[in-house]
Amino acid sequence: MSHTITAIEINHYRLPLDPPFLASWDPRPRTSFTSTIVRVRVGDYEGVGSGDAMLGFAGHETLFLGQDPFDIARHVEVLDNLQFHYGRMWPLEIALWDLMGKIEGLPLWKLLGGNSNKVRVYASTGGRLPPGQRAESALELQALGFPALKLRFHAQDPNDDLAVVRAVREAVGPDMDIQVDANQGWRMPWDIRPSWDLKTALWLSDALAELDVYWLEEPLHRHDYRGLAELRERTRLRIAGGEGAREFAELKEYLRRGCLDVYQPDVAWSTGILRGRQLAEEIQAGGAMYSPHTWGDGLVLLANLHVFAAVSTAPFIEYPLDPPTWTPDLRDFILPEPIRVDPDGTITLPDKPGLGVNIDWQALQTFRI
Ligand SMILES: [Mg+2]
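Residues numbered from 1 in each chain as written. Predicted model: local features only at pLDDT ≥ 70, side-chain atom pairs only at ≥ 80, totals over all residues. Heavy atoms only, no water.

Participant: What is the right way to look at the overall build of the chain in this model?
Facilitator: Check the secondary structure of the chain and you find 12 helices and 12 strands. A globule of 369 residues ought to have a C-alpha radius of gyration of about 21 Å, and the chain, at 20 Å, matches this closely. Principal-axis analysis of the C-alpha atoms gives the chain an extent of 60 × 40 × 40 Å. Of all 369 residues assigned to the chain, the portion counted as buried reaches 58%. Excluding contacts between residues fewer than 6 apart, the proportion of contacts in the chain whose partners are at least 24 apart in sequence is 73%. Accessible area for the chain stands at about 15300 Å²; split by element, carbon and sulfur atoms hold 50% of it. (Helix = DSSP H or I, 4+ residues; strand = E, 2+ residues; numbered from the N terminus. Rg over C-alpha atoms; globule rule 2.2 N^0.38 Å. Buried < 20%, exposed > 50% of the residue type's maximum accessible area, 1.4 Å probe, protein only. Contact = heavy atoms within 4.5 Å. Areas by Shrake-Rupley, 256 points an atom, 1.4 Å probe, with all protein chains shown as cover.)

Below is the structure:
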């Protein structure tokens, strides 16, 4: 039976709350956390996806209307063309996969070829806290069953952040993995500080290896391919990166030069699903890890979880969580139920078709902008 796309609709939603963790490093006054949801329909079937705001898409709907949603490789090429000219377009690809899953009656992890709906996750914290407070929060995350947590470096003096990692390691003991995100790969719009240089990255890699850190994320500018490859060569710590790479060629270049141990392209932000799966196979064939970044709302998280469940052999994937300020209820405000983690540190993905959620459009109406 053939299907053709009959409608595409894009709406924006706002949670009227400033995610408080941002205040510890983001100087801009903010009043909301926003989500963009793309809806794509074939008759009575509807797929949804979220992520960036789809800037520049309006007026290009006709490139997809009347097309077969299953011509996904064609759609990916068109979306890639569009995002050369405009914003990032992968939310529509996610919606198409959700739609295909619903038409086929298969959950996305199964449609993508996976054989398990269990995903192990690490708690990814967002804010900066003094060493004692972060050590306490790490103990709480450990008690909740998380096998690992991620900390961010944002201090002027990296020694201050090292003190946080040291306090956390002392608190949680040797059994919980700790990842560190240096956030040197890209900058927020106002932030014109230079990225670390190779010497700084090497010094910190060695210091973090002493604390038995599992990986160091984005220790250099994202395009410093030579520096990343050399750093990886000279340190025993795993180097992670690639979360927001805009061009597929950037990620291929990391692979070609052997820049990373852990590849983190977000399916909603960086690669889309088809290319994420393709890249994961290449990464794993070369002995590296595929563990996507998933910083976004509940639909973004779900999309990454499904792809990870289907293809990844890495030990865990990111789960944004920094209680009490950043909680599953706030993060997943567009979902009818937040995505929760079982006491063994895993998430069981829904067996319902597609992404496995039915959005409560009526409940969401109050957040619409
Ligand atoms: Mg990161």
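Participant: Please clarify how the sheet that holds strand β2 (residues 33-42) should be interpreted in this entry.
Facilitator: Hydrogen bonds along the backbone pair up the strands of a sheet, which may run parallel or antiparallel. The three strands lie next to each other as β1-β2-β3, forming an open sheet whose pairing is antiparallel. Every interior strand has two partners, whereas the edge strands, β1 (7-15) and β3 (45-51), have only one. The average angle at which neighbouring strand axes cross in this sheet is 25°, direction not considered. As paired strands, β2 and β3 are joined by seven bridges and run antiparallel to one another. Its bridge partner being in β3, T36 is matched across the sheet by G51. Running at roughly 150° to β3, helix α2 (residues 90-104) makes contact with β1, β2 and β3 of the sheet. (Pairing = 2+ DSSP bridges. Axes fitted to C-alpha atoms, helices over the stretch in contact; angles between N-to-C directions.)

Participant: How should I be thinking about the coordination of the magnesium ion in this particular structure?
Facilitator: In a perfect tetrahedron of four donors around a metal, the angles come out at 109.5 degrees. In a perfect octahedron of six, they are 90 or 180 degrees. Protein coordination at the magnesium ion comes from D181 (OD), E217 (OE) and E243 (OE), with a distance range of 2.1 to 2.2 Å. On the primary sequence, the residues serving as donors to the magnesium ion are separated as D-x35-E-x25-E. Taken as a pair, D181 in strand β6 (residues 177-181) and E217 in strand β7 (residues 215-217) lie far apart in primary sequence, 36 residues in all. (Donors = N, O, S within 2.8 Å, 3.2 Å for Na, K, Ca; no water.)

Participant: I tried to follow the environment of P107 on my own but got confused; where do I start?
Facilitator: Inspection of the secondary structure assignment puts P107 in the loop between α2 and α3 (108-111). Between the C-alpha atoms of P107 and W97, which are 10 residues apart in sequence, the distance is 9.8 Å. The residues contacting P107, other than those within four sequence positions of it, are P350, D351, K352, P353 and G354.

Participant: In this structure, what is going on with the environment of Q362? I would like to understand it.
Facilitator: Among the secondary structure elements, Q362 is positioned in helix α12 (residues 361-364). Of the residues examined, Q362 reaches a relative accessible area of 71% and is grouped as exposed.

Participant: Quick question: what am I supposed to make of the nonpolar core here?
Facilitator: A general tendency of soluble globular proteins is for nonpolar side chains to be buried together. With 115 residues, the main nonpolar core has F64, L92, L149, V165, L208, L299 and L305 as its most contacted residues. By residue number, the principal contributor to this core is helix α10 (residues 298-311), which donates 11 residues. Counting contributing residues, this core receives three or more from each of domain 1 (7-105 + 361-367) and domain 2 (111-348). When sequence neighbours within four positions are dropped, the list of residues in contact with L149 reads Y122, A123, T125, A138, L141, V168, M176, D177, I178 and Q179. (Core = buried A, V, L, I, M, F, W, Y, C linked by side-chain atoms within 4.5 Å. Domains from an automatic or database assignment.)

Participant: Mind showing me how you'd approach the domain arrangement of the chain here?
Facilitator: How big an interface is tends to be stated in terms of the accessible area lost upon association of its parts. Looking at the chain, the domain boundaries give domain 1 (7-105 + 361-367) and domain 2 (111-348). Using only C-alpha atoms to locate each centre, domain 1 and domain 2 end up separated by 23 Å. Contacts between the two partners involve 41 residues from domain 1 and, on the opposite side, 35 residues from domain 2. Taken together, the two surfaces of domain 1 and domain 2 that pack against each other cover about 3200 Å², and 69% of this comes from carbon and sulfur. (Buried area = accessible area lost by both parts, 1.4 Å probe.)

Participant: Would you explain the pattern of salt bridges in this entry?
Facilitator: Charged atoms that come close allow side chains of opposite charge to pair. Counted according to the given criterion, the structure contains 22 salt bridges. Across the salt bridge formed by D322 and R134, the nearest N and O atoms sit 3.0 Å from each other. Residue D322 is found in the loop between β11 (317-320) and α11 (328-331), and its partner R134 is found in helix α4 (residues 131-143); the two are separated by 188 residues along the sequence. As far as the burial class goes, D322 and R134 line up, both buried. Salt bridges linked by common partners bring E9, R39, R41 and E46 together as one network. (Salt bridge = Lys/Arg side-chain N within 4 Å of Asp/Glu carboxyl O.)

Participant: Whenever I open this one, helix α7 (residues 225-234) confuses me. Can you help?
Facilitator: Three or four residues apart is the spacing at which side chains of an α-helix point the same way, because the helix has 3.6 residues per turn. Burial in α7 covers these residues: Y225, G227, L228, A229 and L231. Contact partners of the buried residues in α7: α6 (198-210), β8 (238-241) and α8 (248-257).

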